[in-house]
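# Architecture and fold: a report
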Amino acid sequence: VTQSFADMIAAISQLSPAFDPANPALALESLQQKHAQLLTVSNKMAANYADWKKARASRDEGYRELKDRTKRIKSSVMSQYGAHSTAYSLIKNLSV
């Protein structure tokens, strides 16, 4: 997106003397400022995405560990108290 916007600004700058929009938001200087803002936001987004991806991987690993721990506890309770015990009936439908 940023490259397409930069290409559009380059094309407009070639028409610079003839390009005189009535709307000041479409002026070449205004478009260049918007492009700079877009680049800043895009770079921040890329950095935030990398941090988010690391955090999500850590969270997923935590859930895998929790799921494994839950399975081991359920199996342990079933083997110690039996499949029809009160203790096992309380946790048998627990899922993560």
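From a predicted model like this one, the values you see are computed outputs, not experimental measurements.

## Quick word on the overall build of the protein chain
Across its full length, the protein chain holds 3 helices and 0 strands. Relative to the globule expectation of 12 Å for 96 residues, the C-alpha radius of gyration of the protein chain, 29 Å, shows a markedly less compact shape. When its C-alpha atoms are laid out on the principal axes, the protein chain stretches across 85 × 20 × 15 Å. Per-residue burial for the protein chain yields a buried fraction of 14% across its 96 residues. Taking as baseline every contact in the protein chain between residues at least 6 positions apart, the subset at least 24 positions apart corresponds to 38%. When the accessible surface of the protein chain is totalled, it reaches about 7800 Å², and 57% of it is carbon and sulfur. Charged side chains in the protein chain number 13 positive and 8 negative. The centres of these two groups are separated by 17 Å.

## Concerning the environment of Ala10
When you line up the elements, Ala10 lands in helix 1 (residues 2-14). Measuring from C-alpha to C-alpha, the distance between Ala10 and Leu28 comes to 9.5 Å, with 18 residues separating the pair along the chain.

## Describing the nonpolar core
Within the largest apolar cluster, 5 residues are counted, these being Phe5, Ile9, Ile12, Leu28 and Leu31. For this core, the secondary-structure elements that each account for two or more residues are helix 1 and helix 2 (28-81). The element that contributes the greatest number of residues to this core is helix 1, accounting for 3 residues. When near neighbours in sequence (up to four residues on either side) are disregarded, Ile9 contacts Leu28, Leu31, Gln32 and His35.

## Things to note about the confidence of the model for the protein chain
Overall, the prediction assigns the protein chain a mean pLDDT of 92, with 100% of residues at 70 or greater. Of all helices and strands in the protein chain, the one with the weakest mean pLDDT is helix 1 (90), whereas helix 2 scores best (95).

Rules of the game
Along every chain, residues carry numbers that run from 1 in the direction the sequence is written. Where totals are concerned, whole chains, interfaces and linings use all residues; where local detail is concerned, this predicted model gives features only for residues with pLDDT of at least 70, and gives and counts side-chain atom pairs only at 80 or more. In computing side-chain properties, one takes all heavy atoms of the structure into account and sets aside hydrogens as well as water. Every helix listed is a DSSP run of H or I at least four residues long, and every strand listed is a run of E at least two residues long, numbered separately from the N terminus. In this treatment the radius of gyration is a C-alpha quantity, and the globule benchmark scales as 2.2 Å times the residue count to the 0.38 power. The cut-offs for exposure are 20% and 50% of the maximum accessible area for each residue type, with area from a 1.4 Å probe on protein chains only; residues under the lower value are buried, those over the upper are exposed, and the others partly exposed. Working rule for contacts: check all heavy atoms of both residues, and any pair within 4.5 Å makes them a contact. Using a 1.4 Å probe, the Shrake-Rupley method yields the accessible areas, and only the shown protein chains count as cover for residues. By the counting scheme adopted, Arg and Lys are positive, Glu and Asp are negative, and His together with the chain ends is not counted. The atoms used to mark charge sites are NZ of Lys, CZ of Arg, CG of Asp and CD of Glu. We define a nonpolar core as any set of buried Ala, Val, Leu, Ile, Met, Phe, Trp, Tyr and Cys residues linked to one another through side-chain atoms lying within 4.5 Å. As a per-residue measure, pLDDT reflects the predictor's confidence and takes values from 0 up to 100.

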